[in-house]
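Analysis of the macromolecular model
Each chain is listed here by its residues.
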Amino acid sequence: MIRLPRVPVPEQARDLLARRTRNVEEAGGTSRAARTEWERAHAPKKHVRTALEGMARGAVRCMYCDDSRATDIDHFEPLERAPLRAFEWLNHLLACSHCNSNAKREQYPVDGDGNCLLVDPTAEDPADHLRLLLHTGEYAAVADSAKGEETIEVFGLNRPDLVKGRQDAFHRARSNLRDWHQLRKQADHEAAREAARVAQALLDSPFVDVVHVMARLTPAVALIVVGPLTVPALDAWKAEGGPWARWTAGWAP
Ligand SMILES: [Zn+2]
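Model, not experiment: these values are computed from the prediction.

Applying the stated criterion to the full structure yields five aromatic pairs. On the numbers, 5.3 Å between centres and 40 degrees between planes, the contact of Trp244 with Trp247 is tilted. Within this pair, Trp244 and its partner Trp247 are both found in helix H11 (residues 243-248), separated by three residues, close to a single helical turn. Like Trp244, the residue Trp247 is buried in the burial classification. Directly above the aromatic system of Trp89 lies the positively charged group of Arg6, at a separation of 4.6 Å from the ring centroid. Cation over ring: Arg174 sits above Phe170, and NZ or CZ is 4.1 Å from the ring centre.

Pasting the structure below:
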């Protein structure tokens, strides 16, 4: 799971969403009313989907697992629990059908004060609660983070296919980075174009959370985790003006 800065929806969409919320209120504000209104709200859903697809990475990857194509608009706080948030833009994320329908479903754990115990990657940096162990491909909660533990459990972030996928992605990413670095060192235009294509392919690939974590390793840890063969390429990748700096440009500190 990686941070995905939220964009505003167009003004026209905001009006449509507000009108639909009023409809739910007028129909009694129940989850049934919200579900009925949601099912027939084709135009607002189209706006929401378009905006979310612009925020998703690569070939519209799921915002939770970073693997499968995101097919479903997920209500982060479920309709059953918060019918009046059915048309709230900040409550919409894009998920694959497995994460949405098999893993998360209607779950929305909260702490004793009612605060949500799931990481919303469009509202906060998942790295505050989740640590990806590159060698095993597994997520672990950052020390004492109940939110991290619940997030791993509810989204099934350590299901075997994802763990294996991240292990493979880690090997591929190191190889891609070294290729990219070699191409970048050549002086001709064709090599530069090829380097740009390799960089973009890496950023668009599934499990971009692996690439994300690699880029955030401290130099001492990077030497151990990615190995001395790849460190020079990773340093160039992270350098000012490099692909990583451009990718994260505009993120709030
Ligand atoms: Zn998913």
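Moving on: helix H7 (residues 189-204). With 16 residues, H7 should reach 22 Å at 1.5 Å per residue; the first-to-last C-alpha distance of 23 Å fits that figure. Of the positions making up H7, those classed as buried are Ala191, Ala195, Val198, Ala199, Leu202 and Leu203. With its buried residues spanning 130 degrees around the axis, H7 presents them on a single face. Against helix H6 (160-185), helix H8 (208-215), helix H10 (231-238) and H11 lie the buried residues of H7. For H7, the capping residue at the N-terminal end is Asp188, with a side-chain oxygen 3.3 Å from the backbone nitrogen of Glu190.

On to the coordination of the zinc ion. Note on metal sites: the ideal angle is 109.5 degrees for four tetrahedral donors, and 90 or 180 degrees for six octahedral donors. Distances from the zinc ion to its protein donors, namely Cys62 (SG), Cys65 (SG), Cys96 (SG) and Cys99 (SG), fall within the range 2.3 to 2.4 Å. Taken together, the four donor atoms coordinating the zinc ion span angles of 104 to 115 degrees at the metal, a pattern that classifies the geometry as tetrahedral. Expressed as a motif, the donor residue spacing for the zinc ion is C-x2-C-x30-C-x2-C. Of the two residues, Cys62 sits in the loop between helix H3 (42-55) and strand E1 (72-75) while Cys96 sits in the loop between strand E2 (92-95) and helix H4 (97-104), which places them 34 residues apart along the sequence. Here Cys62 matches Cys96 in class, with each residue buried.

Calculation notes
Residues numbered from 1 in each chain as written. Predicted model: local features only at pLDDT ≥ 70, side-chain atom pairs only at ≥ 80, totals over all residues. Heavy atoms only, no water. Phe/Tyr/Trp six-rings, centres within 6.5 Å; stacked < 30°, edge-to-face > 60°. Helix = DSSP H or I, 4+ residues; strand = E, 2+ residues; numbered from the N terminus. Buried < 20%, exposed > 50% of the residue type's maximum accessible area, 1.4 Å probe, protein only. Lys NZ or Arg CZ within 6 Å of the ring centre and 35° of its normal. Expected span 1.5 Å × (residues − 1). Arc of directions from axis to C-beta. Contact = heavy atoms within 4.5 Å. Polar contact = N/O pair within 3.5 Å; in protein donor to acceptor, adjacent residues only side chain to side chain. Donors = N, O, S within 2.8 Å, 3.2 Å for Na, K, Ca; no water. Tetrahedral: all angles 85-135°; square planar, octahedral: opposite > 155°, others 65-115°.

Read these as layout, nothing more, since geometry by itself doesn't imply function.
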